[in-house]
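# Examination of the molecular architecture
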Amino acid sequence: MYKYDAYDTRIIRERAAQFRGQVERRLSGEITEDEFKPLRLQNGLYMQLHAYMLRVAVPYGLLSSKQLRKLAHVARTYDKGYAHVTTRQNFQYNWPSLEDVPKILDELADVEMHAVQTSGNCVRNVTSDPFAGIAQDELEDPRPWAEIMRQWSTFHPEFAALPRKFKIAITGAPGEDRAAVKFHDIGVRIVKNAAGEVGFEILAGGGMGRTPIIGQVVREFLPKEQLLGYLEAILRVYNLSGRRDNKYKARIKILVTALGIEEFRRLVEEEFAASYTPDLELPVGEIERVKAFFLPPAYESLPDGASQLAAFKLAPERRFGQWVTNNTVAHKVPGYAAAVISIKTKGIPPGDVSDTQLDALADLADRFSMGLATTTHTQNLVLPDVKISELPQLFAALENLDLAEANYGKLTDLITCPGLDYCALANARSIPLSLEISERFDRIDYLNDIGDIAIKISGCINACGHHHVGHIGILGIDKKGVEAYQLQLGGSPGNDASIGKILGPAFAEDEIVDAVEKVIVKYLELRDSAEETFLQTVRRVGLEPFKQAAYEKAPAAAE
Amino acid sequence: MQHKGATHWIVTANFTASGAVAYLREDGSWGQKLAESRLFADEEATKPLVALAQKTQQFTVSDPYGIDVHVGESGIEPVTKRESIRALGPTTPIRRPDSGRERLPV
């Protein structure tokens with residue numbers, strides 16, 4: 001894991017001190033809210049419906065146990081005893097007071113954390129594959145490159161006032177995209193070219209929000225040392241030509257679409273050729289310095305554990321067996337597995353985790369996973385380096401914490417934005433819907449029968465709940481002052497990226513969960529085998545059968 | 001006495017220090033109780049107070065604005081879901097019910 005050097009420490013401390021002064025001036029009435037707002041947003045501080053909300057950056061989702069304990073401490077001391085894992089691998093606090101925020105930032109700086117650039121029209125937190133560094137299908141660990149991009153984009157003076165926010169994601173697994181790179185302003189894929197060299201494929205212009213667009217390839221192969229120079233060229237073209245007259249048309253996806261990918265590519269390559277000098281080339285020594293922070297930990301030499309894992313899956317203790325089956329992921333080192341800790345507990349808002357749970361998770365990370373954990377954009381937490389032989393002890397500990405739901409990748413593993421319960425932008429509530437769906441389908445055998453499926457819920461068109469890429473996507477809308485919900489099917493964030501299609505007119509609040517259930521029942525009827533996933537069935541048969549099912553009215557009762 | 005469901009307007013904001021929801025009271029001060037809000041006949045009537053708050057009360061509150069409410073036998077009720085949730089708090093659990101730790105008030 002990357003460790004701050006003296007420069008990192010100084011700039012984060014200085015920024016916290018600077019913000020403390022800004023807060024003091026706001027609280028004394030010296031500056032107005034209009035003057036303060038852009039300053040607080042650059043420091044991740046929003047004003048939501050009931051309170052301020054502080055978004056804390058978790059670069060590429062990676063956390064140490066020490067940082068987890070600090071997040072627990074902040075939740076306990078300055079908030080209402082819980083924190084929230086976001087859909088971009090960050091943490092949010094929903095209830096801090098303004099006067100406490102400088103103290104929180106100082107506390108976060110103590111463990112090399114901050115809230116810088118988690119809001120505002122700048123380059124946001126770089127996200128990545130939650131299984132980075134341990135995935136069997138990985139060509140190369142993307143985290144050193146994510147860290148290099150983090151350092152480059154932090155306080156980059158040229159890109160501090162972009163037309164709109166800017167999000168970058170990177171994956172090192174060419175075969176399976178678990179970072180949704182095609183739905184980012186820039187997506188970076190580590191790839192191998194025909195000559196066997198490893199470099200980057202660069203995509204741009206993807207995004208969700210009110211105009212969902214799949215990113216397109218700008219450069220098929222970029223030598224590694226040119227990464228930052230090429231990203232600068234893309235951002236420079238965007239900064240110069242992106243629209244600033246209309247915030248809804250200001251994202252880079254609108255520019256790429258308006259120009260066409262060929263013209264956009266030409267402009268980027270022209271800018272790159274004009275501005276790139278050997279000085280901009282990443283020094284090999286610097287790349288190696290950063291890579292050294294991500295060297296594999298001291299794994300023990302263990303048997304591969306396959307037979308033990310198979311036995312665990314069939315364990316007489318069924319809950320444990322189901323959890324191993326659904327919530328463990330293959331590791332590249334024999335004898336180890338990644339354990340996905342579902343933060344989708346029954347009756348609890350998705351992604352909410354209490355201070356005591358965070359403290360306990362820190363202890364579990366130390367005990368079972370070499371002190372590290374990773375957040376996922378699906379609002380879960382991964383312990384990446386667990387010995388297969390220790391899975392029973394880990395599961396027992398998670399059960400005591402109410403964090404042992406065996407639902408990773410299943411229907412109740414919903415992505416859900418905060419919605420109208422918290423968010424000032426939302427049109428409709430998301431969390432109650434999510435909880436109702438979870439309750440409706442709360443039968444593990446049924447979940448396993450339905451198989452892998454992703455339901456994603458957003459409370460407004462800004463799509464923080466990623467509804468466009470849900471196999472089932474739900475969008476909350478305001479219909480003349482009443483909450484209503486559009487249903488869409490067929491989205492996917494991966495290599496087979498697709499944007500879901502709207503099924504028909506919006507459903508009322510008391511109809512939407514029934515409609516989801518009808519769609520699921522129809523899928524079970526239509527699938528050609530138990531192996532055909534929901535997404536495959538939707539792609540094979542189209543929307544019409546699901547539409548008929550979802551809008552079918554129950555026959556009137558006989559008189 | 002107001003008849004049930006009559007539409008009025010009130011002025012709301014968020015307290016600058018805490019971020020909590022604030023309502024303009026009859027005496028010109030700000031409180032957290034919707035029931036203590038000063039009632040206005042229409043949106044137009046709220047505008048001078050909103051402007052005044054923006055100009056002179058930034059120290060106390062941020063982003064003041066007027067909202068429509070129904071006033072009836074059960075008191076003041078916001079017209080929109082958004083403002084109902086602002087007044088009453090989230091409709092979902094706000095923290096995990098940990099044993100040994102008292103649930104904090106909304």
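Structure: see above.
Summary of the structure given here. (Residues numbered from 1 in each chain as written. Chains lettered and ligands numbered in written order. Predicted model: local features only at pLDDT ≥ 70, side-chain atom pairs only at ≥ 80, totals over all residues. Heavy atoms only, no water.)

## Here we look at the overall build of chain B
Heads up, the rule is: Secondary structure is summarised from DSSP: a helix means a run of H or I of at least four residues, a strand means a run of E of at least two, and numbering begins at the N terminus for each. A simple rule labels every residue: compare its accessible area, found with a 1.4 Å probe on the protein chains alone, to the largest value its type can have, and call it buried under 20%, exposed over 50%, or partly exposed in between. In what follows, residue pairs with any heavy atoms lying within 4.5 Å of each other are defined as contacts. Per-residue accessibility takes into account occlusion by the displayed protein chains alone, with areas from the Shrake-Rupley method and a 1.4 Å probe.
Looking only at helices and strands, chain B features two helices and five strands. Reading chain B from its N end, one meets helices and strands in the order β-β-β-α-β-β-α. Counting only residues that meet the buried cut, chain B has 42% of its 106 residues in that class. For chain B, contacts bridging at least 24 residues in sequence account for 53% of all contacts bridging at least 6. Of the roughly 5,600 Å² that chain B leaves accessible, carbon and sulfur atoms contribute 53%.

## A short note on the pattern of salt bridges
Residue and element names in this part refer to chain A. Rules: By definition here, a salt bridge exists when the distance from a side-chain nitrogen of Lys or Arg to a carboxyl oxygen of Asp or Glu is within 4 Å.
Under the defined criterion, the tally for this structure stands at 49 salt bridges over all chains. A salt bridge links arginine 178 to aspartate 129; the nearest nitrogen and oxygen atoms lie 2.8 Å apart. Of this pair, arginine 178 sits in the loop between β7 (168-171) and β8 (186-192) while aspartate 129 sits in the loop between β6 (127-128) and α5 (143-153), placing them 49 residues apart in sequence. Across the pair, exposure class does not vary: arginine 178 and aspartate 129 are buried alike. The shortest N-O distance in the salt bridge between lysine 387 and glutamate 300 comes to 2.5 Å.

## As for the interface of chain A and chain B
Many structure descriptions define interface size as the accessible area lost when the parts assemble. Here is the rule we go by: Summed over both partners, the accessible area lost on bringing two parts together, with a 1.4 Å probe, is the buried area. In the analysis that follows, any N or O atom pair within 3.5 Å is treated as a polar contact, provided that within protein one partner can donate a hydrogen and the other can accept it, and provided that, for residues neighboring in sequence, both atoms belong to side chains. Just so you know the grouping, Ala, Val, Leu, Ile, Met, Phe, Trp, Tyr, Cys and Pro go in nonpolar, Asp, Glu, Lys and Arg go in charged, and all remaining residues, Gly too, go in polar.
Across the contact, 43 residues belong to chain A and 31 residues belong to chain B. Summed over both sides, the interface of chain A with chain B buries roughly 2,900 Å², with 55% coming from carbon and sulfur. Counting the surface chain A buries against chain B, the share from its top three residues, A:Leu49, A:His50 and A:Lys80, is 21%. Counting across the interface, chain A meets chain B through zero salt bridges. Across the chain A-chain B interface, the total number found is 13 residue pairs in polar contact (both at pLDDT 80 or more). For the side of chain A that touches chain B, the secondary-structure elements that each account for two or more residues are α1 (6-27), β13 (352-354), α12 (355-368) and α14 (431-440) of chain A. Split into classes, the residues belonging to the side of chain A that touches chain B amount to 20 nonpolar, twelve polar and eleven charged.

## Some words on the packing of aromatic side chains
Residues and elements named next belong to chain A. In plain terms, the rule: In this scheme Phe, Tyr and Trp rings, the latter by its six-membered ring, pair at centre separations within 6.5 Å, and the angle between planes marks the pair as stacked below 30 degrees, edge-to-face above 60, and tilted otherwise.
Under the definition given, this model contains 17 aromatic pairs over all chains. Aromatic side chains tyrosine 2 and phenylalanine 293 sit 4.8 Å apart centroid to centroid with 65° between the ring planes, which places their arrangement in the edge-to-face category. Placement of the pair is tyrosine 2 in the segment before α1 and phenylalanine 293 in the loop between α9 (284-291) and α10 (306-313), with a sequence separation of 291 residues. Its relative accessible area of 5% is what places tyrosine 2 among the buried residues.

## Describing the nonpolar core
All names here are of chain A. Formally: Working definition of a nonpolar core: buried Ala, Val, Leu, Ile, Met, Phe, Trp, Tyr and Cys residues. They are joined through side-chain atoms within 4.5 Å.
By size, the foremost hydrophobic cluster in this structure holds 62 residues, and its most contacted members are Leu71, Phe91, Trp323, Leu364, Leu394 and Leu398. Ranked by the residues each element gives to this core, the list is headed by α12, at seven residues. Membership of the second largest hydrophobic core comes to 50 residues, among which are Ile11, Ala146, Ile186 and Val188.

## Structural notes on the sheet that holds strand β2 (residues 21-24) of chain B
Spelled out, the test is: Two strands make a pair as long as DSSP finds a minimum of two bridges between them.
One open sheet accounts for five strands, arranged β3-β2-β1-β4-β5 (chain B); its pairing is antiparallel. Whereas interior strands pair on both sides, the edge strands pair on one side only; in this sheet they are β3 (30-31) and β5 (75-78) of chain B.

## Overview of the sheet that holds strand β11 (residues 328-330) of chain A
All names here are of chain A. Defined as follows: Lines fitted to the C-alpha atoms define the axes, with helices restricted to the stretch that makes contact. Angles between their N-to-C directions range from 0 to 180 degrees.
Strand order in the open sheet made by the five strands is β3-β14-β15-β12-β11, with antiparallel pairing throughout. Strand pairing shows two members of the sheet lacking a second neighbour, β3 (62-64) and β11, which therefore form its edges. Each strand axis lies, on average, 35° off the axis of its neighbour in the sheet, ignoring direction. Judged from the two bridges that link them, strand β14 (residues 372-375) and strand β15 (residues 381-387) form a sheet pairing that is antiparallel. Of the residues in β15, the one forming a bridge with threonine 375 is leucine 381. Helix α13 (residues 391-400) rests against β11, β12 (336-341) and β15 of the sheet, and its axis sits at about 150° to β15.

## Details of the pairing of strand β17 (residues 455-458) of chain A
Residue and element names in this part refer to chain A. The side-chain alternation of β17 yields two buried faces, one formed by Ile455 and Ile457 and the other by Lys456 and Ser458. Inspection of the sheet shows strand β16 (residues 415-416) paired to β17 by two bridges, in the parallel sense. From the neighbouring strand, threonine 416 faces β17, where its bridge partner is isoleucine 457.

## Focus on the side chain of B:Asn14
Locating B:Asn14 in the fold gives a position in strand β1 (residues 6-15). We classify B:Asn14 as buried; its relative accessible area is 6%. For B:Asn14, the side chain forms a polar contact with the main-chain oxygen of A:Leu49, separated by 3.4 Å. Polar side-chain contacts of B:Asn14 include one of 2.7 Å to the backbone oxygen of B:Gly19.

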